Amino acid sequence: MSAQIGRSSQFGQSSQIGQISRIPYVDYLVLGPEPHLVAHECAECGARYFDRRNACASCGGTEFAPADLPTTGEVTSFTIVTAAAPGIPVPYAAAVVDCGGTKVAGNIIGTEPDPGHIRLGMRVALSTYVAGTDGKGVDAVNFGFAPLEDGASEGRN
Ligand SMILES: [Zn+2]
């Protein structure tokens, strides 16, 4: 009954048993089967923040509630970064993505970091990757945005 996938059991799943094996790189990233971002939304005016606030910068309100963001959005600006601190691979594409009206800063991943593969208005989807692993084998998981359209680089010249 257990062989329905057509493979014998695999060894590689032991890292998930009984221990935290993955932690989000930023605290507004929620992992799980469907990773997503959560903002603090002002109960008074609806302004959204990713860091914790004592008061809303727009209205001064002090009540906040968690708001799940859509996992897809559109690139509203991007920069190809070609120089960075030692140890940070370049080039990479730093972008601002509009996710249902909330602007999210994140890198474009899953494509070449050049203007031929990234364009304004491009539809992207949240995607996670392992940014590093500590000495106990715990993965730090960060997010980026990957293009939704395969043809983003085709027919644009
Ligand atoms: Zn407010």
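Residues numbered from 1 in each chain as written. Predicted model: local features only at pLDDT ≥ 70, side-chain atom pairs only at ≥ 80, totals over all residues. Heavy atoms only, no water.

### Structural notes on the overall build of the chain
So, step 1. Looking only at helices and strands, one finds zero helices and ten strands in the chain.
So, step 2. Buried residues in the chain amount to 27% of all 157 residues.
So, step 3. Nonlocal contacts in the chain, meaning residues at least 24 apart in sequence, comprise 47% of its contacts between residues at least 6 apart.
So, step 4. As displayed, the chain offers around 10,300 Å² of accessible surface, 50% of which is attributable to carbon and sulfur atoms. (Helix = DSSP H or I, 4+ residues; strand = E, 2+ residues; numbered from the N terminus. Buried < 20%, exposed > 50% of the residue type's maximum accessible area, 1.4 Å probe, protein only. Contact = heavy atoms within 4.5 Å. Areas by Shrake-Rupley, 256 points an atom, 1.4 Å probe, with all protein chains shown as cover.)

### Examining the coordination of the zinc ion
So, step 1. Taken together, the protein donors to the zinc ion comprise Cys42 (SG), Cys45 (SG), Cys56 (SG) and Cys59 (SG), at separations of 2.3 to 2.4 Å.
So, step 2. One can describe the site at the zinc ion as tetrahedral: its four donor atoms subtend angles covering 99 to 114° at the metal.
So, step 3. Positions of the donor residues of the zinc ion, expressed as sequence spacing, correspond to C-x2-C-x10-C-x2-C. Separated by 17 residues along the polypeptide, Cys42 in strand β3 (residues 36-42) and Cys59 in the loop between β4 (48-49) and β5 (64-68) bring together distant segments of the chain.
So, step 4. The partly exposed category is assigned to Cys59, whose relative accessible area is 38%. (Donors = N, O, S within 2.8 Å, 3.2 Å for Na, K, Ca; no water. Tetrahedral: all angles 85-135°; square planar, octahedral: opposite > 155°, others 65-115°.)

### Considering the pattern of salt bridges
So, step 1. A full pass over the atoms with the stated rule returns two salt bridges.
So, step 2. Between Arg48 and Glu41 there is a salt bridge, with its nearest N and O atoms 2.7 Å apart.
So, step 3. A residue is classified by how much of its surface remains accessible, and Glu41, at 25% relative accessible area, is partly exposed.
So, step 4. Between Arg53 and Asp51 there is a salt bridge, with the nearest N and O atoms lying 3.2 Å from each other.
So, step 5. According to the relative accessible area criterion, Arg53 is partly exposed, its value standing at 30%. (Salt bridge = Lys/Arg side-chain N within 4 Å of Asp/Glu carboxyl O.)

### Regarding the layout of surface pockets
So, step 1. Of the voids in this model, the largest pocket is the one considered here, and its volume is about 310 Å³.
So, step 2. As for the largest pocket, its lining consists of 14 residues, and the residues nearest its centre are Ile88, Pro89, Tyr92, Asn107 and Tyr129.
So, step 3. Only β7 (92-99), β8 (102-108) and β9 (123-133) provide two or more residues apiece to the lining of the largest pocket.
So, step 4. Counted by class, the lining of the largest pocket contains eleven nonpolar, three polar and no charged residues. (1 Å grid on protein atoms, 1.4 Å probe; cavity = no way out; pocket = protein on both sides within 12 Å on 5 of 7 lines; lining within 4 Å. Points joined across faces, edges and corners; volume = space filled by probe spheres on them. Nonpolar A, V, L, I, M, F, W, Y, C, P; charged D, E, K, R; others polar.)

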